[in-house]
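Chain and residue survey
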Amino acid sequence: MATPDATTLTLHSLAVVERFPNGDFLAYAAMDPEHAAHAGDEESALEELRLFLSESLSFAPAHGRRVGHDPRVCGRRHDAHG
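Here's a quick rundown of the structure. Please read these numbers as outputs of a predicted model, since none were measured by experiment. (Residues numbered from 1 in each chain as written. Predicted model: local features only at pLDDT ≥ 70, side-chain atom pairs only at ≥ 80, totals over all residues. Heavy atoms only, no water.)

1. Section: the pairing of strand E4 (residues 32-39)
- Here strand E3 (residues 25-29) pairs with E4 via five bridges, running antiparallel. Residue Tyr-28 lies in a different strand from E4, and its bridge partner there is Ala-36.
- What sits between the antiparallel neighbours E3 and E4 is a turn of two residues. (Pairing = 2+ DSSP bridges. Helix = DSSP H or I, 4+ residues; strand = E, 2+ residues; numbered from the N terminus.)

See the structure below:
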């Protein structure tokens, strides 16, 4: 992630990560589970989610400042099926 400057706002949000029995991972913002990232490992799923949210939020009004997004996983990992 680029170093923030005077026109960048970094947001931290709660992300949910689920692990499926086949070993795949699903990551989504807790406030918006409709948009999820699917990958073969947890790190890739979170990176895909971060990229999606950064792009989506970059167009949101932020009082003249560009918005960056840095989701952090909080809480325990959830196994989707057991």
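There is more to say, and it comes next.
2. Regarding the nonpolar core
- Within the largest apolar cluster, 11 residues are counted, these being Ala-15, Val-17, Phe-25, Ala-27, Ala-29, Ala-37, Ala-39, Ala-45, Leu-46, Leu-49 and Leu-53.
- Those elements that provide at least two residues to this core are strand E2 (14-19), E3, E4 and helix H1 (42-57).
- Top contributing element to this core by residue count: H1, with four residues.
- Apart from residues lying up to four places away in sequence, Ala-39 is in contact with Asp-24, Phe-25, Ser-44 and Ala-45. (Core = buried A, V, L, I, M, F, W, Y, C linked by side-chain atoms within 4.5 Å. Buried < 20%, exposed > 50% of the residue type's maximum accessible area, 1.4 Å probe, protein only. Contact = heavy atoms within 4.5 Å.)

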